[in-house]
Amino acid sequence: MTKVTFVEANGTEHDVDARNNRSLMQAAVQNGVPGIDADCGGQCLCATCHVILDEQWYSKLGTPDADEEQMLAPTPERSPTSRLSCQIQVTDELEGIKVILPEFQM
Ligand code: FES
């Protein structure tokens with residue numbers, strides 16, 4: 001398990017124990033975190049699992065691939081450090097990560 005904090009746009013924090021080798025999106029959904037609808041079930045086809053990382057974590061995790069980038073491009077509140085949480089796998093390296101939930105998804 002890896003400690004992950006999801007932060008709503010209003011600052012409300014949700015600390016969850018995320019299962020390794022699953023996605024951040026799955027950790028959010030399984031723990032009832034608001035704002036992650038995950039309409040496509042993690043297939044990189046909906047962008048309703050959009051999250052924003054700080055620059056340090058974004059650099060550590062790497063940039064989105066072409067498919068993820070295509071889904072992110074038209075997303076409201078797109079930031080230079082946006083990712084789709086279904087495309088981020090939980091590993092020990094994510095211990096302590098904070099993930100911001102875009103306001104429009106709430
Ligand atoms: S759950 Fe649909 S793109 Fe992530």
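Refer to the structure printed above.
Remember, it's a predicted structure, so these values are computed and weren't measured experimentally.

A few points about the overall build of the protein chain
A count of helices and strands for the protein chain gives three helices and five strands. Each helix and strand of the protein chain, ordered N terminal to C terminal, gives the series β-β-α-β-α-α-β-β. Over its C-alpha atoms the protein chain spans a radius of gyration of 12 Å, differing by no more than 12% from the 13 Å that the globule rule assigns to 106 residues. When its C-alpha atoms are laid out on the principal axes, the protein chain stretches across 30 × 25 × 25 Å. The proportion of buried residues among the 106 residues of the protein chain is 44%.

Structural notes on the environment of Cys44
In this structure, Cys44 sits in the loop between helix H1 (24–30) and strand S3 (50–52). Remark: the alpha-carbon pair of Cys44 and Val4, spanning 40 residues in sequence, is separated by 21 Å. If sequence neighbours within four positions are ignored, Cys44 has contacts with Asp67, Glu68, Met71, Leu84, Cys86 and Gln87.

A look at the pairing of strand S5 (residues 97–100)
The two faces of S5 differ: Ile97 and Val99 on one face are buried, but Lys98 and Ile100 on the other face are not. Alignment of strand S1 (residues 2–7) against S5, held across four bridges, turns out to be parallel. When the bridges of S5 are listed, Val7 appears paired with Ile100.

Scoring rules and cut-offs
- Residues numbered from 1 in each chain as written.
- Predicted model: local features only at pLDDT ≥ 70, side-chain atom pairs only at ≥ 80, totals over all residues.
- Heavy atoms only, no water.
- Helix = DSSP H or I, 4+ residues; strand = E, 2+ residues; numbered from the N terminus.
- Rg over C-alpha atoms; globule rule 2.2 N^0.38 Å.
- Buried < 20%, exposed > 50% of the residue type's maximum accessible area, 1.4 Å probe, protein only.
- Contact = heavy atoms within 4.5 Å.
- Pairing = 2+ DSSP bridges.

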